[in-house]
Amino acid sequence: MSDNANYRLLANMNIGFWGAQVANGLQTANASAIFESLGAEASQLPLLWLGAPIMGLVVQPIIGELSDCTWCVWGRRQPFFVTGAILGFGMIILMPNSTHLWQAVVIYWLLQFGLNVGTAPARSFVGDLLPSAQRTLGYSIQGFCIGLGAIAASMLPWLLEKIPAVESTAEVGVPTTICWAYYVGAVLYLVSALWTYWTVKEAPPAPDVLEKPIGSVFKRIAEAFTQMPPIMRQLAGVQLFTWFGVYCTFLYLPTAIAINILGAPNKQSPDYVHGIEWAGICIAFYNLICLGTSLLITPLSRRWGKVTIYAVCLMCGTVGLLSLALIHSRYPILLSMVGIGIAWAGILSIPYALLIDSLPDERSGVYMGLFNCFLALPQIVMSLSFGWIMTTFLQSDRLWALLLGGVFFGISALLMLRVTEPEAIVESEVESETINRDKNLAAIGD
């Protein structure tokens, strides 16, 4: 396969994933505001957000296993991408038009279901189409797409506000610009998923994989859990503490910047509004850092190894979060965001690159789904318990929550140093695998 064809494949296979991240970025940025506009209290938000990790915990292993043993005229992983995009499209349209809190919660859970169906096979998709030598690059590009999707989602309301025909506010309910951002995001999600479907063709799995009966899905998931590879067990603790830290960052970074760092006296003050706006710029900035770092992860990993680079990424996140305690003005916050952006780039790519080469191709979907449980479980634990931790130990101080997140990242970095990186495939095996995959892709193209 020529370099141009290879880059074209990398782009086409990830465009649909980018669209899913735009949709996910919109609901991450605006779901709390929609819930509160319909009467939810701030203390209820962690429970209302439970839909995301619970759906990830339940849906991803099932869809991963089903995509392993699926083959039809529409492909192997692709039917799930398109199905999730169609359901997600409908729910994204409905979400900002909810008139009651219970409606918004039901739609949010269905949206999370659609997003998980549409993204669960994405990690295995990389393993299906790319040789081992290019999988780190494939996952780095997925991390790039996540950052780019988050930036696009955060910019949509601002861009739509510049259109004279679109009102920026509404007398009641969700602001008009947010509604239109959801509509545009829904279209981007569906069109991008269809683009990937039309431009990327999959090779069928081995015949023996297709002989597995659908009714034994849960049995096979249980078997996979008991037989998970050593690298997956080693990464479990790393992922646990990493996502404790991610949870603290996502939940408290904007308000901590506005109140604790920039000194807004209360949520009704103009200083608070300006602080939240600056926090949005900080989030966009660390996603930009994530984009740039994603492009460097592959060459750095080849030079120093994935384990070392990931530990360094996590330690950069530790420094970034802990340094916020020393900052009391706007622009130095951006220096802290550099560390967070580097950590985020590693979190989104390196664990999957470490794992995929240790997985049998015919079971990669179910194992990637199970691996997602190590992301979902800490979020569920934090949603159910962190309110008590905040009031009992952290005096409801948002900055202390971010500092605790930095400690979690530091623990993850130390645990990462205990992980044994799988032995690299020898050059001849890489070349052989590349030739075989290129033959398969050429046959599909014919």
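Quantities reported herein were computed from a predicted structural model and do not represent experimental measurements.

### A look at the confidence of the model for the protein
Thinking step 1. Across the protein, the average pLDDT comes to 85, with 89% of residues at 70 or higher.
Thinking step 2. The secondary-structure element of the protein with the lowest mean pLDDT is helix α18 (residues 427-445), recorded at 45, while helix α13 (residues 306-322) shows the highest, at 97.
Thinking step 3. Here residues 425-436 is a poorly scored stretch, pLDDT under 50, and it has eight contacts once near neighbours within four places are set aside; other chains count.

### A short note on the nonpolar core
Thinking step 1. Judged by nonpolar contacts, the single largest core of 90 residues is most densely connected at Met-13, Leu-324, Ile-333, Trp-344, Phe-386 and Met-416.
Thinking step 2. Sort the elements by how many residues they give to this core and helix α11 (residues 230-261) lands first, with 15 residues.
Thinking step 3. The contact partners of Leu-324, leaving out residues within four places of it in the chain, are Leu-253, Ile-261, Ile-333, Ser-336, Met-337, Leu-399 and Leu-402.
Thinking step 4. Formed by 26 residues, the second largest nonpolar core is a distinct cluster that contains Phe-35, Val-105, Val-174 and Tyr-182.

### Topic: the packing of aromatic side chains
Thinking step 1. Scanning all chains against the criterion turns up 16 aromatic pairs.
Thinking step 2. Geometrically, the ring pair formed by Phe-241 and Phe-244 is edge-to-face, given 5.9 Å between the ring centres and 90° between the ring planes. With Phe-241 and Phe-244 both in helix α11 and three residues apart, the pair spans about one turn of that helix.
Thinking step 3. In this structure Phe-244 comes out as buried when scored by relative accessible area, which is 12%.
Thinking step 4. With a centroid separation of 6.2 Å and 45° between ring planes, the pair formed by Phe-241 and Phe-408 is classed as tilted. Placement of Phe-241 in helix α11 and of Phe-408 in helix α17 (residues 398-416) is noted, with a sequence separation of 167 residues between them.

Rules used throughout
- Residues numbered from 1 in each chain as written.
- Predicted model: local features only at pLDDT ≥ 70, side-chain atom pairs only at ≥ 80, totals over all residues.
- Heavy atoms only, no water.
- pLDDT = per-residue confidence, 0-100.
- Helix = DSSP H or I, 4+ residues; strand = E, 2+ residues; numbered from the N terminus.
- Contact = heavy atoms within 4.5 Å.
- Core = buried A, V, L, I, M, F, W, Y, C linked by side-chain atoms within 4.5 Å.
- Buried < 20%, exposed > 50% of the residue type's maximum accessible area, 1.4 Å probe, protein only.
- Phe/Tyr/Trp six-rings, centres within 6.5 Å; stacked < 30°, edge-to-face > 60°.

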